[in-house]
Amino acid sequence: MFLRLPPLATHSRRHSYYLQLRALDSNGLVPNHKVSASSEKPDVDDMGEFKQKVDAAIFKTNLVPGDGRPHWGDQLVPIEFKRHETNQDPLEDSDDLKVDANAKTRKEVRGQIISYAEIIFRVQHRVALFMLLVIGRNFRFLRWDRSGTIVTRAIDYVANPHILCEALWRMSLQSDEQLRVDPSATRLFPEDDDYKLMDILAGDSKHDLKDEERKLSPSELRTNPPTFAYVRELFLKSLDPKWTRYRVEVPDGDTTRTFLIGGPTFYARGMAGRGTKGFVAWDCKAGRFVWLKDAWRLDYERMDREGDILKQLNDCKVANVPTLCCHGDIRKQKTK
(Lines give C-alpha, C1' and ligand atoms only; values in the text may rest on other atoms or scores of the structure.)
Protein backbone atom coordinates (compact mmCIF):
# COMPACT_ATOMS: atom_id res chain seq x y z
CA MET A 1 0.00 0.00 0.00
CA PHE A 2 2.87 2.42 0.75
CA LEU A 3 4.46 1.60 -2.60
CA ARG A 4 1.47 3.24 -4.30
CA LEU A 5 2.00 6.54 -2.48
CA PRO A 6 3.33 9.27 -4.84
CA PRO A 7 6.59 11.03 -3.90
CA LEU A 8 5.91 13.20 -0.87
CA ALA A 9 7.86 16.16 -2.23
CA THR A 10 5.31 16.54 -5.02
CA HIS A 11 2.51 17.41 -2.54
CA SER A 12 1.82 19.97 0.13
CA ARG A 13 2.52 18.83 3.68
CA ARG A 14 -1.21 18.64 4.45
CA HIS A 15 -1.96 16.50 1.40
CA SER A 16 1.09 14.31 2.02
CA TYR A 17 0.08 13.29 5.49
CA TYR A 18 -3.57 12.92 4.40
CA LEU A 19 -2.42 10.28 1.90
CA GLN A 20 -0.37 8.53 4.56
CA LEU A 21 -3.24 8.60 7.05
CA ARG A 22 -5.58 7.11 4.50
CA ALA A 23 -3.06 4.34 3.80
CA LEU A 24 -2.81 3.55 7.52
CA ASP A 25 -6.52 3.67 8.27
CA SER A 26 -8.03 2.02 5.20
CA ASN A 27 -6.07 -1.22 5.30
CA GLY A 28 -7.18 -2.62 8.67
CA LEU A 29 -3.85 -1.96 10.40
CA VAL A 30 -5.46 -0.82 13.65
CA PRO A 31 -8.54 -3.00 14.24
CA ASN A 32 -11.00 -1.68 16.85
CA HIS A 33 -9.23 1.69 16.64
CA LYS A 34 -9.09 4.53 14.16
CA VAL A 35 -6.34 6.83 12.94
CA SER A 36 -7.80 10.32 12.85
CA ALA A 37 -6.36 13.67 11.71
CA SER A 38 -6.23 16.26 14.47
CA SER A 39 -4.34 19.25 13.11
CA GLU A 40 -7.22 21.51 12.00
CA LYS A 41 -7.60 23.50 15.25
CA PRO A 42 -6.34 23.46 18.84
CA ASP A 43 -8.45 21.56 21.37
CA VAL A 44 -10.21 24.74 22.48
CA ASP A 45 -9.60 28.06 20.74
CA ASP A 46 -8.63 29.97 23.90
CA MET A 47 -6.38 27.25 25.37
CA GLY A 48 -3.02 29.00 25.31
CA GLU A 49 -1.37 26.06 27.06
CA PHE A 50 -2.71 23.61 24.49
CA LYS A 51 -2.41 25.48 21.22
CA GLN A 52 -0.28 22.69 19.70
CA LYS A 53 -1.90 20.53 17.03
CA VAL A 54 -0.35 17.09 16.56
CA ASP A 55 -1.03 15.81 13.04
CA ALA A 56 -2.98 12.69 13.99
CA ALA A 57 -3.47 10.01 16.62
CA ILE A 58 -4.80 6.53 17.18
CA PHE A 59 -8.11 6.61 19.05
CA LYS A 60 -10.55 4.03 20.29
CA THR A 61 -13.45 3.83 17.87
CA ASN A 62 -15.91 5.22 20.44
CA LEU A 63 -13.71 8.28 21.11
CA VAL A 64 -12.77 9.31 17.57
CA PRO A 65 -13.12 13.11 17.25
CA GLY A 66 -15.06 14.55 14.36
CA ASP A 67 -13.97 18.17 14.59
CA GLY A 68 -10.31 17.94 13.51
CA ARG A 69 -9.05 18.89 16.99
CA PRO A 70 -6.41 16.92 18.91
CA HIS A 71 -8.59 15.84 21.87
CA TRP A 72 -5.48 15.26 23.97
CA GLY A 73 -7.39 13.42 26.68
CA ASP A 74 -8.54 10.71 24.25
CA GLN A 75 -5.34 9.97 22.30
CA LEU A 76 -3.75 6.56 22.69
CA VAL A 77 -0.81 6.94 20.27
CA PRO A 78 -0.04 10.40 18.78
CA ILE A 79 1.35 10.55 15.23
CA GLU A 80 3.43 13.36 13.74
CA PHE A 81 4.36 13.66 10.03
CA LYS A 82 7.38 15.45 8.55
CA ARG A 83 8.14 15.63 4.83
CA HIS A 84 11.94 15.47 4.71
CA GLU A 85 14.02 12.57 6.01
CA THR A 86 17.10 14.54 7.08
CA ASN A 87 16.46 18.16 8.02
CA GLN A 88 13.31 17.35 9.98
CA ASP A 89 14.45 14.19 11.75
CA PRO A 90 15.01 15.20 15.40
CA LEU A 91 17.19 12.17 16.07
CA GLU A 92 20.48 10.78 14.80
CA ASP A 93 21.37 7.13 14.16
CA SER A 94 25.12 7.47 13.50
CA ASP A 95 26.13 7.41 17.19
CA ASP A 96 24.43 5.07 19.68
CA LEU A 97 25.57 7.25 22.59
CA LYS A 98 24.27 10.54 21.22
CA VAL A 99 20.94 10.39 19.42
CA ASP A 100 19.92 14.08 19.60
CA ALA A 101 20.45 15.89 16.28
CA ASN A 102 21.96 19.39 16.57
CA ALA A 103 20.79 21.19 13.42
CA LYS A 104 18.35 24.03 14.18
CA THR A 105 15.36 22.65 12.26
CA ARG A 106 15.92 19.19 13.75
CA LYS A 107 16.11 20.59 17.28
CA GLU A 108 12.89 22.50 16.65
CA VAL A 109 11.13 19.28 15.66
CA ARG A 110 12.46 17.60 18.80
CA GLY A 111 11.07 20.42 20.93
CA GLN A 112 7.76 20.10 19.10
CA ILE A 113 7.28 16.39 19.82
CA ILE A 114 8.44 16.85 23.42
CA SER A 115 5.64 19.40 23.84
CA TYR A 116 3.11 16.86 22.54
CA ALA A 117 4.25 14.24 25.03
CA GLU A 118 4.18 16.81 27.84
CA ILE A 119 0.56 17.77 27.09
CA ILE A 120 -0.63 14.15 27.06
CA PHE A 121 1.13 13.43 30.37
CA ARG A 122 -0.49 16.56 31.80
CA VAL A 123 -4.03 15.78 30.61
CA GLN A 124 -3.99 11.99 30.98
CA HIS A 125 -2.68 9.73 33.73
CA ARG A 126 0.15 7.80 32.10
CA VAL A 127 2.88 5.38 33.05
CA ALA A 128 4.46 5.91 29.62
CA LEU A 129 3.50 7.01 26.11
CA PHE A 130 4.17 5.54 22.68
CA MET A 131 4.44 7.93 19.72
CA LEU A 132 4.81 7.36 15.97
CA LEU A 133 6.99 9.85 14.08
CA VAL A 134 6.90 9.63 10.26
CA ILE A 135 9.70 11.54 8.49
CA GLY A 136 9.40 11.38 4.70
CA ARG A 137 9.47 7.67 3.89
CA ASN A 138 11.01 6.75 7.25
CA PHE A 139 9.39 6.23 10.62
CA ARG A 140 10.41 5.95 14.27
CA PHE A 141 8.56 4.79 17.36
CA LEU A 142 9.28 6.64 20.60
CA ARG A 143 8.50 5.63 24.17
CA TRP A 144 8.29 8.48 26.67
CA ASP A 145 8.28 8.42 30.44
CA ARG A 146 9.50 10.74 33.19
CA SER A 147 13.09 9.49 33.05
CA GLY A 148 13.65 9.85 29.32
CA THR A 149 12.83 8.66 25.83
CA ILE A 150 13.53 5.34 24.11
CA VAL A 151 13.62 5.56 20.30
CA THR A 152 13.91 3.15 17.39
CA ARG A 153 16.24 3.69 14.49
CA ALA A 154 14.69 5.27 11.39
CA ILE A 155 13.12 2.57 9.19
CA ASP A 156 12.10 2.97 5.55
CA TYR A 157 8.45 1.92 5.55
CA VAL A 158 8.28 1.79 1.73
CA ALA A 159 11.15 -0.69 1.53
CA ASN A 160 10.04 -2.47 4.74
CA PRO A 161 6.27 -1.98 5.02
CA HIS A 162 5.77 -5.17 7.06
CA ILE A 163 7.61 -3.69 10.06
CA LEU A 164 5.33 -0.66 10.40
CA CYS A 165 2.21 -2.65 9.56
CA GLU A 166 2.93 -5.35 12.13
CA ALA A 167 3.90 -2.83 14.81
CA LEU A 168 0.63 -0.91 14.38
CA TRP A 169 -1.41 -4.11 14.24
CA ARG A 170 0.20 -5.39 17.44
CA MET A 171 -0.36 -2.02 19.15
CA SER A 172 -4.04 -2.14 18.31
CA LEU A 173 -4.35 -5.50 20.10
CA GLN A 174 -2.90 -4.19 23.36
CA SER A 175 -4.99 -3.20 26.36
CA ASP A 176 -4.93 0.36 27.67
CA GLU A 177 -2.62 -0.80 30.45
CA GLN A 178 -0.23 -2.38 27.92
CA LEU A 179 -0.23 0.93 26.05
CA ARG A 180 0.91 2.37 29.40
CA VAL A 181 -2.26 4.17 30.47
CA ASP A 182 -2.12 4.35 34.28
CA PRO A 183 -4.28 1.44 35.55
CA SER A 184 -4.83 3.17 38.91
CA ALA A 185 -6.77 6.01 37.23
CA THR A 186 -10.24 5.26 35.82
CA ARG A 187 -11.50 7.67 33.17
CA LEU A 188 -14.95 9.08 33.95
CA PHE A 189 -17.61 9.94 31.38
CA PRO A 190 -20.78 12.08 31.69
CA GLU A 191 -22.99 9.02 32.14
CA ASP A 192 -20.95 7.75 35.13
CA ASP A 193 -22.33 8.28 38.66
CA ASP A 194 -19.00 9.66 39.92
CA TYR A 195 -18.94 12.20 37.08
CA LYS A 196 -22.43 13.38 38.05
CA LEU A 197 -21.43 13.47 41.72
CA MET A 198 -18.56 15.83 40.90
CA ASP A 199 -21.02 18.27 39.29
CA ILE A 200 -23.21 18.12 42.40
CA LEU A 201 -20.24 18.67 44.72
CA ALA A 202 -19.03 21.64 42.68
CA GLY A 203 -22.37 23.42 43.10
CA ASP A 204 -23.19 22.53 46.72
CA SER A 205 -21.82 25.75 48.24
CA LYS A 206 -24.68 26.73 50.57
CA HIS A 207 -22.74 26.23 53.81
CA ASP A 208 -19.22 27.06 52.58
CA LEU A 209 -17.10 29.23 54.84
CA LYS A 210 -15.34 32.41 53.85
CA ASP A 211 -11.58 32.14 54.05
CA GLU A 212 -10.55 35.23 56.03
CA GLU A 213 -8.66 34.50 59.25
CA ARG A 214 -10.93 34.34 62.33
CA LYS A 215 -12.16 31.98 65.03
CA LEU A 216 -14.97 29.85 63.66
CA SER A 217 -18.29 30.12 65.46
CA PRO A 218 -20.36 27.05 66.46
CA SER A 219 -22.84 27.82 63.68
CA GLU A 220 -20.03 27.79 61.09
CA LEU A 221 -18.92 24.40 62.34
CA ARG A 222 -22.34 22.77 61.91
CA THR A 223 -21.12 20.99 58.80
CA ASN A 224 -18.59 18.28 59.48
CA PRO A 225 -16.12 18.68 58.01
CA PRO A 226 -16.55 22.34 56.95
CA THR A 227 -15.59 23.41 53.42
CA PHE A 228 -14.04 26.76 52.63
CA ALA A 229 -15.44 28.61 49.62
CA TYR A 230 -12.09 28.89 47.83
CA VAL A 231 -11.66 25.10 47.93
CA ARG A 232 -14.96 24.46 46.19
CA GLU A 233 -14.21 27.23 43.69
CA LEU A 234 -10.92 25.54 42.79
CA PHE A 235 -12.72 22.20 42.45
CA LEU A 236 -15.32 23.80 40.17
CA LYS A 237 -12.54 25.32 38.05
CA SER A 238 -10.92 21.89 37.72
CA LEU A 239 -14.06 20.57 36.00
CA ASP A 240 -13.36 22.69 32.91
CA PRO A 241 -14.31 20.61 29.81
CA LYS A 242 -10.75 20.70 28.48
CA TRP A 243 -9.70 18.38 31.34
CA THR A 244 -10.78 14.77 31.65
CA ARG A 245 -12.12 13.53 34.98
CA TYR A 246 -10.80 10.51 36.84
CA ARG A 247 -11.34 8.26 39.81
CA VAL A 248 -7.85 7.54 41.14
CA GLU A 249 -6.55 5.03 43.67
CA VAL A 250 -4.01 5.80 46.41
CA PRO A 251 -2.61 3.20 48.84
CA ASP A 252 -3.91 3.52 52.40
CA GLY A 253 -2.01 0.97 54.47
CA ASP A 254 -3.17 -2.48 53.32
CA THR A 255 -6.17 -1.05 51.46
CA THR A 256 -6.81 1.43 48.66
CA ARG A 257 -8.51 4.80 48.93
CA THR A 258 -10.28 6.47 46.01
CA PHE A 259 -10.46 10.13 45.03
CA LEU A 260 -12.32 12.05 42.32
CA ILE A 261 -10.32 14.62 40.38
CA GLY A 262 -10.65 16.92 37.39
CA GLY A 263 -7.83 19.04 36.01
CA PRO A 264 -4.76 19.87 38.12
CA THR A 265 -4.55 23.13 40.04
CA PHE A 266 -0.77 22.93 39.67
CA TYR A 267 1.51 21.03 37.29
CA ALA A 268 5.26 21.06 36.77
CA ARG A 269 6.36 21.84 33.24
CA GLY A 270 8.60 19.67 31.12
CA MET A 271 8.85 15.94 30.47
CA ALA A 272 11.99 15.03 32.41
CA GLY A 273 11.67 15.04 36.17
CA ARG A 274 9.03 14.23 38.75
CA GLY A 275 6.02 15.46 36.78
CA THR A 276 4.39 16.84 39.93
CA LYS A 277 0.67 17.66 39.74
CA GLY A 278 -1.63 18.91 42.49
CA PHE A 279 -5.42 18.49 42.58
CA VAL A 280 -8.35 19.55 44.70
CA ALA A 281 -9.84 16.08 45.11
CA TRP A 282 -12.93 14.56 46.67
CA ASP A 283 -12.04 11.87 49.20
CA CYS A 284 -14.69 9.20 48.65
CA LYS A 285 -14.03 7.59 52.05
CA ALA A 286 -13.94 10.70 54.25
CA GLY A 287 -16.53 12.63 52.25
CA ARG A 288 -14.52 15.83 52.07
CA PHE A 289 -12.24 17.83 49.80
CA VAL A 290 -8.49 17.23 50.17
CA TRP A 291 -5.29 18.21 48.37
CA LEU A 292 -3.90 15.34 46.30
CA LYS A 293 -0.27 15.48 45.24
CA ASP A 294 0.82 13.21 42.39
CA ALA A 295 4.53 12.88 41.58
CA TRP A 296 7.19 10.44 40.42
CA ARG A 297 9.51 10.26 43.42
CA LEU A 298 13.26 9.79 43.29
CA ASP A 299 14.04 6.16 44.06
CA TYR A 300 17.18 6.28 46.21
CA GLU A 301 17.86 3.81 49.02
CA ARG A 302 18.40 6.36 51.78
CA MET A 303 15.81 8.90 50.71
CA ASP A 304 12.62 8.88 52.80
CA ARG A 305 9.28 9.17 51.09
CA GLU A 306 7.45 12.45 51.55
CA GLY A 307 4.41 10.70 53.01
CA ASP A 308 6.55 8.97 55.66
CA ILE A 309 8.07 12.32 56.66
CA LEU A 310 4.65 13.95 56.94
CA LYS A 311 3.41 11.10 59.12
CA GLN A 312 6.35 11.53 61.49
CA LEU A 313 5.71 15.28 61.72
CA ASN A 314 1.98 14.70 62.33
CA ASP A 315 2.69 12.11 65.01
CA CYS A 316 4.97 14.63 66.75
CA LYS A 317 2.20 17.26 66.46
CA VAL A 318 4.41 19.68 64.52
CA ALA A 319 2.39 22.74 63.57
CA ASN A 320 1.98 24.25 60.09
CA VAL A 321 2.57 21.11 58.05
CA PRO A 322 -0.03 19.28 55.94
CA THR A 323 -2.19 16.65 57.63
CA LEU A 324 -1.57 13.30 55.95
CA CYS A 325 -4.60 11.32 54.79
CA CYS A 326 -2.80 8.46 53.04
CA HIS A 327 0.13 7.90 50.71
CA GLY A 328 2.11 5.25 48.89
CA ASP A 329 3.78 4.11 45.69
CA ILE A 330 1.12 3.52 43.06
CA ARG A 331 1.24 -0.13 42.03
CA LYS A 332 5.04 -0.07 42.29
CA GLN A 333 5.26 1.78 38.97
CA LYS A 334 8.78 2.67 37.85
CA THR A 335 10.29 4.56 34.95
CA LYS A 336 12.78 2.98 32.54
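Residues numbered from 1 in each chain as written. Predicted model: local features only at pLDDT ≥ 70, side-chain atom pairs only at ≥ 80, totals over all residues. Heavy atoms only, no water.

Draft legend 1. Representation of unusual backbone geometry in the model. With phi around 70°, Asn32 is a residue other than glycine that occupies positive phi space. Here Asn32 is to be found in the loop between helix H1 (13-25) and strand E1 (33-37). Located in the positive-phi region is Asn320, a residue other than glycine, with phi close to 65°. Mapped onto the elements of the fold, Asn320 is located in the segment after helix H6 (306-315). (Helix = DSSP H or I, 4+ residues; strand = E, 2+ residues; numbered from the N terminus.)

Draft legend 2. Just the packing of aromatic side chains, in detail. Under the definition given, this model contains 6 aromatic pairs. Taking 4.9 Å as the distance between ring centres and 55° as the angle between the ring planes, the aromatic pair formed by Phe235 and Phe289 counts as tilted. Linking Phe235 in helix H5 (residues 229-238) with Phe289 in strand E13 (residues 288-294), this pair joins segments that are 54 residues apart in sequence. Under the relative-accessibility criterion, Phe289 is labelled buried at 10%. (Phe/Tyr/Trp six-rings, centres within 6.5 Å; stacked < 30°, edge-to-face > 60°. Buried < 20%, exposed > 50% of the residue type's maximum accessible area, 1.4 Å probe, protein only.)

Draft legend 3. Structural context of the packing of helix H4 (residues 193-203) against H5. Viewed as axis vectors pointing N to C, H4 and H5 meet at an angle of 140°, and their least axial separation amounts to 8 Å. By the angle class used here, H4 and H5 are oblique. Crossing angle aside, the handedness with which H4 passes H5 is left-handed. Of H5, the residues touching H4 (which contributes Met198, Leu201 and Ala202) are Arg232, Phe235 and Leu236. Grouping the amino acids of the contact of H4 with H5 by side-chain chemistry returns 5 nonpolar, no polar and 1 charged. (Axes fitted to C-alpha atoms, helices over the stretch in contact; angles between N-to-C directions. Parallel < 35°, antiparallel > 145°, perpendicular 65-115°, else oblique. Left-handed = near helix turned anticlockwise from the far one by under 90°. Contact = heavy atoms within 4.5 Å. Nonpolar A, V, L, I, M, F, W, Y, C, P; charged D, E, K, R; others polar.)

Draft legend 4. Structural context of the confidence of the model for the protein chain. Of the residues in the protein chain, 86% reach a pLDDT of 70 or more, and the chain-wide mean stands at 86. Model confidence for the protein chain, summarised as mean pLDDT per element, is weakest for H1 at 61 and strongest for strand E12 (residues 277-283) at 97. (pLDDT = per-residue confidence, 0-100.)

Draft legend 5. Region of interest: the pairing of E12. Burial within E12 is extensive, with 7 of its 7 residues counted as buried. The alternating pattern of E12 places Lys277, Phe279, Ala281 and Asp283 and Gly278, Val280 and Trp282 on opposite faces, both of which are buried. By the bridge criterion, 2 bridges tie strand E10 (residues 255-261) to E12 in an arrangement that is antiparallel. Counted as the bridge partner of Leu260 is Trp282 from E12. Relative to E12, strand E11 (residues 266-267) runs antiparallel, the two sharing 2 bridges. Residue pairing for E12: Phe266 is matched across the bridge by Gly278. Both E12 and E13 contribute to a ladder of 7 bridges, which runs antiparallel. Residue Gly278 lies in a different strand from E13, and its bridge partner there is Lys293. From the end of E12 to the start of E13, which pair antiparallel, there are 4 residues, and Gly287 there has a positive phi angle of about 65°. (Pairing = 2+ DSSP bridges.)

Draft legend 6. A look at the nonpolar core. The biggest cluster of nonpolar side chains holds 21 residues, and the ones touching the most others in it are Ile58, Ile79, Leu132, Phe139, Phe141, Leu164 and Leu168. Listed by contribution, the elements that provide at least two residues to this core are strand E2 (56-60), strand E3 (77-82), strand E4 (129-135), strand E5 (138-145) and helix H3 (161-172). In contact with Ile79, not counting residues within four places along its chain, are Val35, Val54, Asp55, Ala56, Ala57, Ile58 and Leu132. Formed by 19 residues, the second largest nonpolar core is a distinct cluster that contains Val54, Ile119, Trp144 and Met271. (Core = buried A, V, L, I, M, F, W, Y, C linked by side-chain atoms within 4.5 Å.)

Draft legend 7. Structural detail: the environment of Leu234. Counting through the fold element by element, Leu234 comes out in helix H5. Using a relative accessible area of 29% as the deciding quantity, one classes Leu234 as partly exposed. Placed 31 residues apart in sequence, Leu234 and Thr265 show a C-alpha to C-alpha distance of 7.3 Å.

Draft legend 8. Structural view of a nonpolar patch on the surface. On the surface, a cluster of nonpolar side chains totalling about 310 Å² of accessible area is made up of Leu298, Tyr300 and Met303. What makes Leu298 partly exposed here is its relative accessible area of 40%. (Patch = residues over 30% accessible without salt bridge, like charges linked within 9 Å, V, L, I, M, F, W, Y side chains within 5 Å. Areas by Shrake-Rupley, 256 points an atom, 1.4 Å probe, with all protein chains shown as cover. Salt bridge = Lys/Arg side-chain N within 4 Å of Asp/Glu carboxyl O.)

Draft legend 9. Spotlight on H4. Taken residue by residue, H4 has Asp194, Tyr195, Met198, Leu201 and Ala202 as its buried positions. Here the buried residues of H4 occupy an arc of 120° about the axis, which is enough to place them on one side. Away from the buried face of H4 by more than 90 degrees, exposed residues Asp193, Ile200 and Gly203 are located. On its buried face, H4 sits against strand E8 (185-188), H5, strand E9 (245-252), E10, E12 and E13. (Arc of directions from axis to C-beta.)

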